[in-house]
Amino acid sequence: MRIVFFASDKFSLPSLEAVRAAGHELLCVVTQPDKKSGRGLNVSGTEIKSAALTSGLKLYQPLKVNSKESADYLKSLNADIFVVIAYGQILSREVLNLPKLFCLNIHASVLPKYRGAAPINWAIINGGTETGVTAIKMNEKMDQGEIICYKQEMILAEDNSQTLGIKLSKSAACLLTETLDKINRGGYILTAQDEAAVSFAPKLKKEDGLIDWNASAKSIHDLVRGCYEWPGAYAFLNGKLLKIFKTSVFLPLEKKDGSNTPGTVIKVLKDYFIVSTGSGDLVIEELQIEGKRRMFTSEFLSGHKMSVGECLLGKK
RNA sequence: CGCGGGGUGGAGCAGCUUGGUAGCUCGUCAGGCUCAUAACCUGAAGGCCAGAGGUUCAAAUCCUCUCCCCGCAA
């Protein structure tokens, strides 16, 4: 099929590769414009851009994909179908109607759950044990299109957003090629989403990573996993930002009186330290203090004196 | 020119203000103690103090420039 591929995140890379490998005709890759990012004012393009350039694919980076100029160009490509995966701009009805067939979107959750920009993160933050990827025929409302098919994926206890994202991106690639096959053969059924089961996964904000020590150790642990690696779960230690990348829930052998204020360091060992929470204790295994690189707690403790009774705070 | 922190044996840090012997907690290696050990004791190896200039009798330390890492912000 003649495909125009819309993507801006590395999540879409396996899908892009799969479409190529399946022998479809990639007319053009559409991605977000280069943006200033990082320290200073370095301009950089998306990873999709570099991949497309490496593969010699045609690249298009409209500032506004719905503009007349952009729509005219996309129309001129005369595509069978638009494939949209983590593109980052909402397509107008006009653009959605450009391809001969329709616009196909792969979303990183089992819809109608977790509509929105950060489904992988929220699935973990909420302590879920399974999620998946869904192929939908897009309509003008965000993630509300009819479902063509989906695949489920387990969320393992050791998964974080990164590892789960990698797994889902691969399953998205499989789902995409399967779906394209179905569409090619005409053997697919559209199922409307159950509006009663809808939930949302809005784009993560920096503040979403702030740890509330009054929460349970389990939910803080889920926050740490779900906010990996951006924005990162964080607290403050002696006025400095402390990002926490890896934790585990500590299961004490004996019951404690629970008199420790949540956020207090209750034990410092050689390789890690333990912080009390609203319910249960949390082992801190990997972290990053402001101005320093990310490191294992064992490394951190080699050079930073930390003592029982210190407090990790929710603000400076 | 967005703001700020940093670069010191293999790891993480102190020392810099007030120039004068390279320090701490680990790790590594060797030996000892021990029924035994990730524990304890003793000893050793391992540094052009990011790089280049400058000031000085003397620079990790003060001045200038370059490179690299990180947090904020986007």
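Worth saying up front: this structure is predicted, and the values here are computed from it rather than measured. Residue positions are given per chain, counted from 1 along the sequence in the order it is written. Think of it this way: whatever chain is written first is A, whatever ligand is written first is 1, and the rest follow in order. Owing to the predicted nature of the model, reporting of local features is limited to residues with pLDDT of at least 70; listing and counting of side-chain atom pairs is limited to 80 or more, with chain, interface and lining totals taken over all residues. Hydrogens are left out, water is left out, and the side-chain values use all remaining heavy atoms of the structure.

1. A look at helix 3 (residues 68–76)
Turn by turn, an α-helix covers 3.6 residues, leaving residues three or four places apart pointing in a common direction.
Phase 1 of the analysis: Only protein chains enter the area calculation, which uses a 1.4 Å probe; residues under 20% of their type maximum are buried, those over 50% are exposed, and those in between are partly exposed. In this text, helices come from DSSP runs of H or I with a minimum length of four residues, and strands from runs of E with a minimum of two, each type numbered from the N-terminal end. Among the residues of helix 3, those classed as buried are Ser-70, Ala-71 and Leu-74. Looking down the long axis of helix 3, one finds its buried residues gathered within 95° of arc, a one-sided arrangement. Turned more than 90 degrees off the buried face of helix 3, the exposed positions are Lys-68, Glu-69, Lys-75 and Ser-76.
Phase 2 of the analysis: Whether two residues are in contact is decided by their heavy atoms: any pair within 4.5 Å suffices. Packed against the buried residues of helix 3 are strand 1 (2–7), strand 2 (25–30), strand 5 (59–60), strand 6 (81–85) and helix 4 (93–96).
Phase 3 of the analysis: Once helix 3 finishes, Asn-78 follows within two positions and takes phi at roughly 60°, a positive value. What the arc covers is the set of directions going from the helix axis to the C-beta atoms.

2. Some words on the state of the cysteines
Phase 1 of the analysis: The criterion for a disulfide is a pair of cysteine sulfur atoms lying within 2.5 Å. Counted by the stated rule, this structure contains zero disulfides.
Phase 2 of the analysis: Here Cys-103 stays unpaired: no disulfide links it, and the sulfur of Cys-28, its closest cysteine neighbor, is 14 Å away.

3. Some details on the packing of helix 1 (residues 13–21) against helix 6 (residues 161–185)
Phase 1 of the analysis: Every axis in this analysis is a line fitted to C-alpha atoms, fitted for helices over the stretch in contact. Angles between the N-to-C directions lie between 0 and 180 degrees. Contact geometry of helix 1 with helix 6 gives a least axis separation of 7 Å together with a crossing angle of 35°. In terms of crossing hand, the pair formed by helix 1 and helix 6 is right-handed. Between helix 1 and helix 6, the residues in contact are Pro-14, Ser-15, Ala-18 and Val-19 and Ser-169, Lys-170, Ala-172, Ala-173, Leu-176, Thr-177 and Leu-180, respectively. Should the near helix be turned anticlockwise from the far one by less than a right angle, the crossing is termed left-handed; should it be turned clockwise, right-handed.

4. Overview of the layout of surface pockets
A probe as big as a water molecule, rolled over the atoms, marks out the empty space that is left.
Phase 1 of the analysis: With a 1 Å grid laid over protein atoms only, a set of points is called a cavity when a 1.4 Å probe fits there but cannot get out and a pocket when it is open yet has protein on both sides within 12 Å along at least five of seven lines; lining residues have an atom within 4 Å of a point. Grid points are joined across faces, edges and corners, and a volume is the space filled by probe spheres set on the points. Here the second largest pocket defines a volume of roughly 180 Å³.
Phase 2 of the analysis: Around the second largest pocket, the lining residues are Ala-157, Glu-158, Asp-159, Asn-160, His-221, Arg-225, Tyr-228, Phe-245, Lys-246, Thr-247, Glu-286 and Arg-294.
Phase 3 of the analysis: Broken down by secondary-structure element, the contributors of at least two residues to the lining of the second largest pocket are helix 7 (217–226) and strand 11 (240–250).
Phase 4 of the analysis: Among the elements that line the lining of the second largest pocket, the one with the most residues is strand 11, at three residues.
Phase 5 of the analysis: Class assignment of the residues belonging to the lining of the second largest pocket gives a composition of three nonpolar, three polar and six charged.
Phase 6 of the analysis: These domain boundaries are the output of an automatic or database domain assignment. Counting contributing residues, the lining of the second largest pocket receives three or more from each of domain 1 (2–197) and domain 2 (206–313). Charged residues are taken to be Asp, Glu, Lys and Arg, nonpolar residues to be Ala, Val, Leu, Ile, Met, Phe, Trp, Tyr, Cys and Pro, and polar residues to be all remaining types, Gly included.

5. Here's the deal with the side chain of His-107
Phase 1 of the analysis: Locating His-107 in the fold gives a position in strand 7 (residues 103–107).
Phase 2 of the analysis: Residue contacts for His-107: discarding those within four places in its chain leaves Tyr-114, Arg-115, Gly-116, Pro-119, Gly-132, Val-133, Thr-134 and Asp-143.

6. Re the nonpolar core
Phase 1 of the analysis: Core analysis: the largest hydrophobic core is formed by 64 residues, its most contacted members being Phe-5, Leu-104, Leu-176, Leu-180, Trp-213 and Phe-273.
Phase 2 of the analysis: No other element matches helix 6, which puts seven residues into this core.
Phase 3 of the analysis: In this structure, this core is formed jointly by two domains, domain 1 (2–197) and domain 2 (206–313), each of which donates at least three residues.
Phase 4 of the analysis: Those residues in contact with Trp-213 that lie beyond four places of it in its chain are Ile-220, Ala-235, Ile-244, Pro-262, Gly-263, Val-275, Ser-276, Thr-277, Gly-278, Leu-282, Leu-312 and Leu-313.
Phase 5 of the analysis: Definition used in this section: a nonpolar core is a set of buried Ala, Val, Leu, Ile, Met, Phe, Trp, Tyr and Cys residues joined via side-chain atoms within 4.5 Å. Residues Cys-28, Ala-71, Leu-77 and Leu-96 belong to the second largest nonpolar core, which totals 19 residues.

The values are spatial; any link to function lies outside them.
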